[in-house]
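Architecture at a glance
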Amino acid sequence: MMCKSNTDLQTIVDEVRSISEAGKVADYIPALSKADKNDLSIAIYDKNNTCVYAGEYTKKFTLQSISKVLILALALQDRGTDYVFGKVGMEPTGDPFNSISKLETSIPSKPLNPMINAGALAVTSMIVGKSEEEKWERMLQFVRCLVKNDEISYNVEVAKSELETASLNRALCYFMKQHQVIDGDIEELMRLYTKQCAIEMNCFELARIGAVFASNGLDPETGEQLIPIHIARICKTFMVTCGMYNASGEFAIKVGIPAKSGVSGGILGIVPDKYGIGIFGPSLDEKGNSIAGIKLLEILANKYNFSIF
Ligand SMILES: NC(=O)CC[C@H](N)C(=O)O
């Protein structure tokens, strides 16, 4: 399926692009600091299988936290809701995505939700497989299936860069191991998590994943049920309550759709029963969300009445 350029969308992208100057690209994962601050691209994939784009839409980026939604969908299929939510909560947090503080203060000690790092690390530890290789193969295959592209892979440099510097995420893991939220080898978990975060695609491919969620788990092209309906619903609900980190409340008011961002500057947006949206704009605001990406969504939401509320 080809995605077509769209002049109305391009006009909005051109208007918004300069906002990127006010933000900065993530550099706590050293390899991400190489991103071009002024890149901005968007694709909107209709559930009836048409797609429009604007900006440098073939540019690839790593999913980072967007992968949390996808791996949650797989873990829920692997283990069921009772098991997953026995270990990870369902409540939003007003803290930054990598915060450790609530882990110690909540009783019983479990991460508040699967969209913050602690919760996502616990979710990745639940993926079924006889070996590390098998677990990774299953994770990658699931994402490939959502995009319908077997060439989707991960950025080795970004994964390595994060693996070498992820002391805080390691600390979250060891804390959770002590409290029986996770078990197994922490370095294996770190390798799987940093690879899932480094899965790479362009905004068109991300928009296609959004279209699967928008259609309650159905592949927009083949009609195949890729994600069970109840799991697609759980994922979209988490995206509304926790998807934009500690900016989720403001985003719900200003845009009003399920969305998930990542520190690479990607945003996955879903207009239920209508569109999947993929955005890439690596310049971030102080909460770690794409500054131009959010602006684009605000404009589009107003213009086309996207809000689900
Ligand atoms: N917010 C994000 O995108 C964070 C993902 C990143 N890989 C991390 O764990 O720090």
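Residues numbered from 1 in each chain as written. Predicted model: local features only at pLDDT ≥ 70, side-chain atom pairs only at ≥ 80, totals over all residues. Heavy atoms only, no water.

1. Quick look at the sheet that holds strand E5 (residues 153–154)
Within the open sheet, the 3 strands sit side by side as E4-E6-E5. Their pairing is antiparallel. Edge positions in the sheet fall to strand E4 (61–62) and E5, since each of these pairs with one other strand and no more. Taken together, the 2 bridges between E4 and strand E6 (residues 199–201) define a ladder with antiparallel strand orientation. For Phe61, the partnering residue across the bridge sits in E6 and is Met201. Its contacts with the sheet put helix H10 (residues 203–214) on E4 and E6, and the angle it makes with E6 is roughly 105°. (Pairing = 2+ DSSP bridges. Helix = DSSP H or I, 4+ residues; strand = E, 2+ residues; numbered from the N terminus. Contact = heavy atoms within 4.5 Å. Axes fitted to C-alpha atoms, helices over the stretch in contact; angles between N-to-C directions.)

2. Focus on the packing of helix H2 (residues 67–79) against helix H6 (residues 132–147)
Two elements in contact, H2 and H6, have axes separated by 10 Å at closest approach and are oriented at 115°. Relative to H6, the element H2 is oriented roughly perpendicular. Crossing hand, H2 versus H6: right-handed. Contacts from Leu70, Ile71, Ala73, Leu74, Gln77 and Asp78 of H2 reach H6 at Arg138, Met139, Phe142, Val143 and Leu146. When grouped by side-chain class, the residues that make up the contact of H2 with H6 number 8 nonpolar, 1 polar and 2 charged. (Parallel < 35°, antiparallel > 145°, perpendicular 65-115°, else oblique. Left-handed = near helix turned anticlockwise from the far one by under 90°. Nonpolar A, V, L, I, M, F, W, Y, C, P; charged D, E, K, R; others polar.)

3. Considerations on the side chain of Asp46
With respect to the element layout, Asp46 can be found in strand E2 (residues 41–46). No salt bridge is formed by the buried Asp46, whose closest oppositely charged neighbour, Lys47, lies at an N-O distance of 7.6 Å. Apart from the residues within four sequence positions on either side, Asp46 is in contact with Lys274 and Tyr275. (Buried < 20%, exposed > 50% of the residue type's maximum accessible area, 1.4 Å probe, protein only. Lys, Arg positive; Asp, Glu negative; His and termini not counted. Salt bridge = Lys/Arg side-chain N within 4 Å of Asp/Glu carboxyl O.)

4. Remarks on the domain arrangement of the chain
Partitioning the chain into structural domains gives domain 1 (4–63 + 201–303) and domain 2 (65–197). Residue-level contacts link 37 residues of domain 1 with 38 residues of domain 2. Contact between domain 1 and domain 2 buries roughly 3100 Å² in total, counting both sides, with carbon and sulfur atoms accounting for 75%. Three residues, Leu63, Phe238 and Lys260, lead the burial of domain 1 against domain 2; their summed loss comes to 20% of the area buried on that side. Taken together, the connections running from domain 1 to domain 2 amount to 2 salt bridges. Lys34 is the salt-bridge partner of Glu157, the closest N and O atoms lying 2.4 Å from each other. Our enumeration of links across domain 1 and domain 2 arrives at 8 residue pairs in polar contact (both at pLDDT 80 or more). Examining the composition of the side of domain 1 that touches domain 2, we find that 7 residues originate from one element, helix H11 (residues 229–242), more than from any other. For the side of domain 1 that touches domain 2, a count of residues per class yields 24 nonpolar, 7 polar and 6 charged. (Domains from an automatic or database assignment. Buried area = accessible area lost by both parts, 1.4 Å probe. Polar contact = N/O pair within 3.5 Å; in protein donor to acceptor, adjacent residues only side chain to side chain.)

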